[in-house]
Amino acid sequence: MDHDLSPWGMFLAADLVVRLVMIGLALASVATWTVLVAKSWELRQTKRRIAVGQAILARATSLYEAKRDLSHPQHAPVSTMLEAAATELRLSTGLGPDGIKDRVASRLEGELAQLGRRLSAGTGILATIGSTGPFIGLFGTVWGIMNSFIGIAHSQTTNLAVVAPGIAEALLATGMGLVAAIPAVVVYNAFARAIAGQRAQAGLAAAEILRLAGRELDRDANSFRRAAE
């Protein structure tokens with residue numbers, strides 16, 4: 001009997017369990033490319049905003065001036081970090097200068113951690129697909145080969161032309177597992193490097209904010225309070 005050995009023909013001829021495995025792997029592959037497009041756009045926008053915020057901070061001579069120039073929501077996450085620093089300054093009004101910089105630095109570290117979590121959102125699925133995809137595909141292959149051997153026992157023949165199509169259908173599941181897993185691993189590693197770079201870039205902006213706060217402390221309490229308003 002002739003067999004359609006194209007990928008679609010093998011999918012249609014495969015066992016129900018193998019077909020479900022291949023459908024799941026196909027959906028995982030779609031999820032990988034969806035995350036790639038969405039997260040690439042998000043990271044590109046965030047990188048541009050951090051660069052703009054850094055440029056404004058570099059020109060600012062005080063926290064008051066920096067807050068004025070970074071008042072637009074599109075300046076986040078730098079504007080968010082600046083607002084966190086200003087909040088701490090406002091809460092520290094009337095207190096001695098000792099420890100204020102440490103508290104501002106603590107708030108900035110919290111904002112950096114939150115930024116890292118936000119940028120990493122959605123990348124966990126890539127790690128899951130990359131680590132489990134080959135094993136899910138292997139499960140489909142094992143199941144399909146097991147059914148092929150059962151078919152050999154029932155037909156009582158070892159003719160390769162009879163048993164080869166079933167084995168090929170089973171191996172297709174492993175191939176799809178690799179097709180789903182390899183791009184997921186590559187994209188995940190690329191995003192991990194990009195996120196680490198942007199977090200470091202935001203850390204430079206946070207350091208600049210802390211320096212501005214230090215300058216305010218070294219001036220006088222009035223300008224310090226003005227920066228927090």
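Since the model is a prediction, treat every value here as computed from it, not as a measurement.

Reading the values: the criteria
Residue positions are given per chain, counted from 1 along the sequence in the order it is written. Totals for whole chains, interfaces and linings use every residue, but because this is a predicted model, local features are given only for residues with pLDDT of at least 70 and side-chain atom pairs only at 80 or more, for both listing and counting. The side-chain quantities take in all heavy atoms of the structure and omit both hydrogens and water. Take the buried residues of types Ala, Val, Leu, Ile, Met, Phe, Trp, Tyr and Cys, join any two whose side-chain atoms come within 4.5 Å, and each joined set is a nonpolar core. With a 1.4 Å probe rolled over the protein chains alone, any residue whose accessible area is under 20% of its type maximum counts as buried; one over 50% counts as exposed, and the rest are partly exposed. The helix and strand labels rest on DSSP assignments: H or I over at least four residues marks a helix, E over at least two residues marks a strand, and numbering proceeds from the N terminus. Contacts: residue pairs with any heavy atoms within 4.5 Å of one another. UniProt positions are given in the numbering used here, feature names are shortened, and annotations may be inferred rather than shown by experiment. Every case where a carboxyl oxygen of Asp or Glu lies within 4 Å of a side-chain nitrogen of Lys or Arg is listed as a salt bridge. Only residues whose relative accessible area exceeds 30% and that form no salt bridge enter a patch; like-charged residues are grouped when within 9 Å of one another, and nonpolar side chains (Val, Leu, Ile, Met, Phe, Trp, Tyr) when within 5 Å. Using a 1.4 Å probe, accessible areas were evaluated by the Shrake-Rupley method; residue-level cover was limited to the displayed protein chains.

Let's shift gears to the nonpolar core. Counting residues in each nonpolar core, the largest one holds 30 residues, and the members touching the most others are Leu57, Leu63, Met81, Leu108 and Ile209. Elements represented by at least two residues in this core include exactly α2 (16-59), α3 (63-69), α4 (78-91), α5 (100-120) and α7 (160-219). Here this core gets nine residues from one element, more than from any other, and that element is α7. If we ignore the near neighbours within four places in the chain, the residues touching leucine 108 are Met81, Ala85, Ala206, Ile209 and Leu210. Listed in part, the twelve residues of the second largest apolar core include Met10, Val21, Met22 and Leu25.

In the numbering used here, UniProt assigns the "transmembrane region" (unreviewed entry) feature to residues 16-38, 125-150 and 170-191. For the annotated span residues 16-38, helix accounts for 100% and strand for 0% of the residues, and the straight-line distance between the end C-alpha atoms is 33 Å. End-to-end, the C-alpha atoms of residues 125-150 are 36 Å apart, and along that stretch the chain is 100% helix and 0% strand.

On to the side chain of serine 79. With respect to the helices, strands and loops of the structure, serine 79 is situated in helix α4. Among the residues examined, serine 79 registers a relative accessible area of 14% and is labelled buried. Every residue in contact with serine 79, bar those within four places of it in the chain, is listed here: Leu70 and His72.

Moving on to the environment of leucine 63. Relative to the elements of secondary structure, leucine 63 occurs in helix α3. Looking at leucine 63, the relative accessible area reads 2%, which means it is buried. Sequence-wise, leucine 63 and alanine 86 are 23 residues apart; in three dimensions their C-alpha atoms are separated by 8.0 Å.

Among the structural elements, glutamate 208 can be located in helix α7. When sequence neighbours within four positions are dropped, the list of residues in contact with glutamate 208 reads Leu57 and Arg215.

Applying the stated rule across the entire model yields four salt bridges. Across the pair glutamate 42 and lysine 39 runs a salt bridge whose closest N-O atoms are separated by 2.9 Å. Pair noted here: glutamate 42 and lysine 39 are both in helix α2, with a separation of three residues, about one helical turn. Arginine 107 is paired through a salt bridge with glutamate 88; the nearest N and O atoms lie 2.6 Å apart.

Our focus in this paragraph is a nonpolar patch on the surface. Taken together, the side chains of Leu16, Leu20, Ile23 and Leu27 make up a nonpolar region of the molecular surface, amounting to roughly 410 Å² of accessible area. Within the secondary structure, isoleucine 23 sits in helix α2. For isoleucine 23, a relative accessible area of 39% corresponds to the partly exposed category.

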